[in-house]
Amino acid sequence: MPDLYPNWAALEAAETYGTDYRLEVRPTPSRVSHIAIHGGGIEAGTTELASAVASASGGQFYSLVGLKSADNGSLHITSTNYDEPQALALQSRVAYTVSYHGLSGTTPVTHIGGADTECAARIGRALEDAGFAVAYGTAEEVDGDDPENIANLNTRGAGVQLEITRAQRAAFFPNGDLSRSMRESGQRTPEFYRYVEAIRSMVAPLDTGAVPDGGLDWGLEEPDLPLTAYRFSFTDLRTDELLEVLPVQRVTFDDYIGKIGSLRGTIAVPDEAMAARIKAAVVPGRTALWVEREDSLWWGGIVWTMTQAVDDRGTVSVDVQAATFDSYLDRRVIDKTQTYTQVDQLAIARGLVGYVASLDGGDIGLRLDTRTSGVLRDRTYVAADVTRAREALDALAAVEAGFEWHVRVYRDPITGARSKRLEFGYPTIKAGATPVMLTYPGNVLAYSMPTDGTGLANTWQSRGATVNTDVSAEARPLLSTAWVYPDKLAAGWPRLDGTSDYNTVSVKSTLDTHAKADLARAREVVTIPSIRVRLDGEITPALLGASVRLRVVDVWHSEGMDAAYRVVGMRVDPAERGREESAELYLEAAA
C-alpha cells in the first residue's frame, strides 16, 4: 500500500502535533545515531528499542512517535522520502547510524540491511551470539541500501537498517503486548535487554575508537554538536511574574529528598545592557529561578546570593547561587503558639506551612499535598521558642513511623503554569511504577560506593528540653529511654553509643520516638552509592523517590551485582563545550 504522505511537509500540514504524533530528539556528543522514523504505534516497539540502545551506549536518538488511537500506519513515510528537518540535521552530524524498523511476521527474526555492510555484519553476529535469529541479504524493499534512505544520510553515506518482525518485537514486552499502555509502562522482558546489550556492545566502541578487529573508517569530521537547550527564567517569588530569561553558564544544580538543593551558575556581562537586565531581574531573597530543559521544569528555587566580579582581564560576570523552594521555610518562624492533639502527622505539617503562608507576605504559592498517614501525633509549638518552620517539619518527620517531605516543581498539566507542591510520603516518597534500569558498562558512566561506619550505634539516648523549673537549681534536660540492640552486642559488635538533642521536646513519649528512630538509622553500616549517568528520556528529576535496578559487572563485581535502590538525590551538569551532559544519582537501599 502506498504511503498517504509523500514527504514530511504533507504530513505536517495534515496531522496535529501532540495529538496524532510527536518527535523525540536527544542529541549527545556521540558519532552514532539511533533512529526510529516509524515509531510509537506505527511500527510498535521500535521507539523503545532505539531509545534504550541510545541510552545504554550514549548515542544520539531520534523518533517519530505515532500517537493515534487507530490507523497510525497513515503516518508512515518511506525511508527514502523521510525528510523531516530535525532528522536530516541529526544525520548530517553523525558518522554511524542504526535505523530501527518493524515488519510483519510470525517468526522472531531480524532482517539486517543498510549500506554500511561491515557494521551491519558485526551487529548481526552480536545478535546471533545473543541467541537471536538474523537474516542477511534481505528483500529489495527492506534492504536499506538506497543512498536516499535516511539511514544512509550520515557523513559516511552508509548506515545499518534493522527490520524486526512483529513476533520478535512482541517478545520484548510482557505477554507479547505491543499496546501503547504496555509500551509506556516501562515493562520489558529479559529478551529486550539482551537484544539491547547485543547492539550496544557493537556500537559503543565506535565512539571510543576501540573497534573490535579494527578497520572501520571514522569518516568526515563533524561540527560541534548543539547543546541540549536549558532555559533559565527569573520570576517574582510571590507572584511568579516573569522578569527575565538570562543565559546562565557553568551551571550545576541538585535536589534531594530531606535536604535543601542548590544551584550555582554564572552570567557573563559583556555590556551595560546586559548589566541593566540582570540588575532589574535578579534580587536576592525576592527572585525565583526556574530551570527548564526542553519542555519540562527540572529545578526551581530562590536566588539568595548574587556576586558581581571582574577578573584580571577585565571580564565582568555575575555568580548566582540559589536554593530549592524549601529553603524559604528556613526563613520563617512559628511566632504564634500552635497546638495539635491527636492529629494526623501530615495534617500537622500542612498546618504549620499553612500558618506561615497565611501571614502578610508569607505566601509564595506552595501547593499542599492532601494525603494522610493514619499516624496521630500530639504537638505544641510555643511562640516563645520561635521555631523555624523547616526545623519543625524535620523534627516532626524524624521519628519512629515518621514521613518524608519534598517540594516538587512541575508545569500544571491543564494551565501550563509553573507550580511547586509540598509533597509527603509515608513512610517514604515514591515515584514511578517500574524500576529504571541502570547498567555498568552502559548508561552508567561512573560510580562510587562508600561504606560509612562513622555513624554506627547500637545504643541510643536523646536529650530533650530542660524540665526543672527551679531557676536556682542545676538545669537538667529531659532524657529518653536508653534504647539498645542486645543482638548486636551478642553477635560480637563493640558497644557503640549514640546521642542526639531535641531542645524543644518536653514530652518523654515524643522524645522516645525520636531516639528509637535515630537508633534504627544508625544500626547498620551505610552504603550510599553515587552513580553518574547520561541523561535520557528515563533519567529526569522526576526520578526522586523512584526505584532503580543497578547492574554492575567489573573487576570488583566480577560475578555481577544486581541490586535495588531508591533515588534520594540528583545533581545535574548541563552540557557545555568539552563537557557531556550528565547527572549524579544518590541512592539508598530499597526497603
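For clarity, every value in this text was computed on a predicted model and none was experimentally measured.

What counts, and where the lines are drawn
Every chain begins its residue count from 1, and numbering advances along the sequence as written. Confidence filtering applies because this is a predicted model: local features only for residues at pLDDT of at least 70, side-chain atom pairs given and counted only at 80 or more, and all residues used for totals across whole chains, interfaces and linings. Think of the side-chain values as coming from all heavy atoms in the structure, minus any hydrogens and water. Strands qualify as paired when DSSP identifies two bridges or more between them. Per the convention used, a helix needs a DSSP run of H or I reaching at least four residues, while a strand needs a run of E reaching at least two, with both numbered from the N terminus. Lines fitted to C-alpha atoms define the axes, with helix axes restricted to the stretch in contact, and inter-axis angles between N-to-C directions lie between 0 and 180 degrees. Contacts: residue pairs with any heavy atoms within 4.5 Å of one another. Each angle is binned into one of four classes, with values under 35 degrees roughly parallel, values over 145 roughly antiparallel, values of 65 to 115 roughly perpendicular, and all other values oblique. Classification used: nonpolar for Ala, Val, Leu, Ile, Met, Phe, Trp, Tyr, Cys and Pro, charged for Asp, Glu, Lys and Arg, polar for all others including Gly. One less than the number of residues in a helix, times 1.5 Å, gives the span that helix is expected to have. For every residue, the accessible area (1.4 Å probe, protein chains only) is compared with the maximum for its type, and the residue is labelled buried under 20%, exposed over 50%, or partly exposed between those bounds. When charges are tallied, Lys and Arg are placed among the positive residues and Asp and Glu among the negative ones, while His and the ends of the chain are skipped. A side-chain nitrogen of Lys or Arg and a carboxyl oxygen of Asp or Glu constitute a salt bridge if their distance falls within 4 Å. Each polar contact in these results corresponds to two N or O atoms within 3.5 Å; when the atoms are within protein, one needs to be able to donate a hydrogen and the other to accept it, and residues that are neighboring in sequence are counted only if both atoms are side-chain atoms. If you view the pair so one helix is near and one far, a crossing is left-handed when the near helix is turned anticlockwise from the far one by less than a right angle, and right-handed when it is turned clockwise. Here, the arc refers to the directions that run from the helix axis to the C-beta atoms. Per-residue confidence from the predictor is reported as pLDDT, a score between 0 and 100.

(A) Broad picture of the sheet that holds strand 21 (residues 418-425). Pairing is mixed across the open sheet formed by three strands, whose spatial order is 17-21-20. Where the open sheet ends on each side, the last strands, each with one partner, are strand 17 (366-368) and strand 20 (404-411). Averaged over neighbouring strand pairs, the angle between their axes works out to 30° when direction is ignored. Alignment of strand 17 against strand 21, held across three bridges, turns out to be parallel. Note on strand 21: the bridge partner recorded for Arg367 is Arg421.

(B) Representation of the environment of Thr189 within the structure. Here Thr189 lies in the loop between helix 6 (180-185) and helix 7 (190-203). C-alpha of Thr189 to C-alpha of Ala171: the two residues are 18 residues apart in sequence and 7.3 Å apart in space. For Thr189, the contacting residues outside a window of four places in its chain are Ala171, Phe172, Phe173 and Pro174.

(C) Spotlight on the packing of helix 10 (residues 345-358) against helix 11 (residues 389-397). Two elements in contact, helix 10 and helix 11, have axes whose closest approach is 10 Å; the angle formed by their N-to-C orientations is 180°. By the angle class used here, helix 10 and helix 11 are roughly antiparallel. Of the residues in helix 11, those touching helix 10 at Gln345, Ile348, Ala349, Leu352, Val353 and Val356 are Ala389, Ala392, Leu393 and Leu396. Across the contact of helix 10 with helix 11, the residue classes break down as nine nonpolar, one polar and no charged.

(D) Molecular detail of helix 2 (residues 46-57). Its twelve residues place the ends of helix 2 17 Å apart at the C-alpha level, agreeing with the 16 Å of an ideal helix rising 1.5 Å per residue. Judged by how many residues are buried, helix 2 sits mostly within the fold: twelve of twelve residues are covered. For helix 2, the set of buried residues is Thr46, Thr47, Glu48, Leu49, Ala50, Ser51, Ala52, Val53, Ala54, Ser55, Ala56 and Ser57.

(E) View of the pairing of strand 9 (residues 242-245). Sheet analysis places strand 8 (residues 230-236) next to strand 9, joined by three bridges and oriented antiparallel. Bridge pairing in strand 9 links Ser233 to Val245. In textbook terms, the turn of a hairpin is the stretch between consecutive antiparallel strands, and for strand 8 and strand 9 this stretch comprises five residues, one of which, Asp240, has a positive phi near 65°.

(F) Representation of the side chain of Arg332 in the model. Following the sequence through the fold, Arg332 ends up in the loop between strand 14 (316-324) and strand 15 (333-334). Summary of buried charges: Arg332 has no salt-bridge partner, and the nearest side chain of opposite charge, Asp335, is 6.5 Å away. There is a polar contact of 3.0 Å between the side chain of Arg332 and the side chain of Tyr328. Among the polar contacts made by the side chain of Arg332, one reaches the main-chain carbonyl oxygen of Val356 at a distance of 2.7 Å. Those residues in contact with Arg332 that sit more than four places away from it in its chain are Val356, Ala357, Leu359, Gly362, Thr387, Arg388 and Ala389.

(G) Local environment of the packing of helix 4 (residues 117-129) against helix 7. At a minimum axis separation of 9 Å, helix 4 and helix 7 run at an interaxial angle of 145°. Handedness of the helix 4/helix 7 crossing: right-handed. Only Tyr195, Ala198, Ile199, Ser201, Met202 and Val203 of helix 7 make contact with helix 4, whose side of the interface consists of Arg122, Ile123, Ala126 and Leu127. Its residues assigned to classes, the contact of helix 4 with helix 7 shows eight nonpolar, one polar and one charged.

(H) Structural detail: the pattern of salt bridges. In total, this model carries 34 salt bridges according to the counting rule given. Here Arg495 makes a salt bridge to Asp497, at a shortest N to O gap of 3.2 Å. No difference in accessibility class separates Arg495 from Asp497, as the two residues are exposed. Note that Asp518 and Arg521 form a salt bridge whose closest N and O atoms lie 2.6 Å from each other. Linking Asp518 with Arg521, this pair stays in helix 13 (residues 508-522), spanning three residues, or about one helical turn. The buried category is assigned to Asp518, whose relative accessible area is 9%. Arg521 sits in the partly exposed class, given a relative accessible area of 48%. Connected through salt bridges with shared partners, the residues Asp487, Lys488, Arg523 and Glu524 form a single ionic network.

(I) Summary view of helix 9 (residues 272-281). All of the buried residues along helix 9 are Met274, Ala275, Ile278 and Ala281. On an axial view of helix 9, the arc spanned by its buried residues comes to 145°, and they lie on one face. Relative to its buried face, helix 9 has exposed residues pointing more than 90 degrees away, namely Glu272, Ala273, Lys279 and Ala280. Put simply, Asp271 is the residue that caps the front of helix 9, since its side-chain oxygen is 3.3 Å from the backbone nitrogen of Ala273.

(J) Representation of the confidence of the model for the protein within the structure. Of the residues in the protein, 93% reach a pLDDT of 70 or more, and the chain-wide mean stands at 88. In this model, residues 210-228 is a region of pLDDT below 50 whose contacts with residues beyond four sequence positions or in other chains number 51 contacts.

(K) Spotlight on the sheet that holds strand 1 (residues 21-26). Pairing is mixed in the open sheet, where seven strands are placed in the order 1-3-2-4-7-5-6. This sheet does not close on itself; its edge strands, each paired only once, are strand 1 and strand 6 (134-135). Relative to strand 7 (residues 160-165), strand 5 (residues 110-113) is paired through four bridges, and the arrangement is antiparallel. Bridge pairing links Thr110 to Ile164 in strand 7. Where helix 4 meets the sheet, it contacts strand 4 (96-103), strand 5, strand 6 and strand 7, and its direction lies at approximately 160° from that of strand 5.

(L) Inspection of the pairing of strand 21 at higher detail. Most of strand 21 sits inside the fold, with six of its eight residues counted as buried. Relative to strand 21, strand 20 is paired through eight bridges, and the arrangement is antiparallel. Directly across from Glu404, in strand 21, lies its bridge partner Gly425. The turn linking strand 20 back onto strand 21 is made up of six residues, and Gly416 within it adopts a positive phi angle of 80°.

(M) Here's a closer look at the side chain of Glu43. Considering the arrangement of structural elements, one finds Glu43 in the loop between strand 2 (32-40) and helix 2. Among buried Asp, Glu, Lys and Arg side chains, Glu43 stands out as unpaired, with Arg169 the closest opposite charge at 6.5 Å. Those residues within four positions of Glu43 in sequence are excluded, and the remaining contacts are His38, His76, His101, Gly102 and Arg169.

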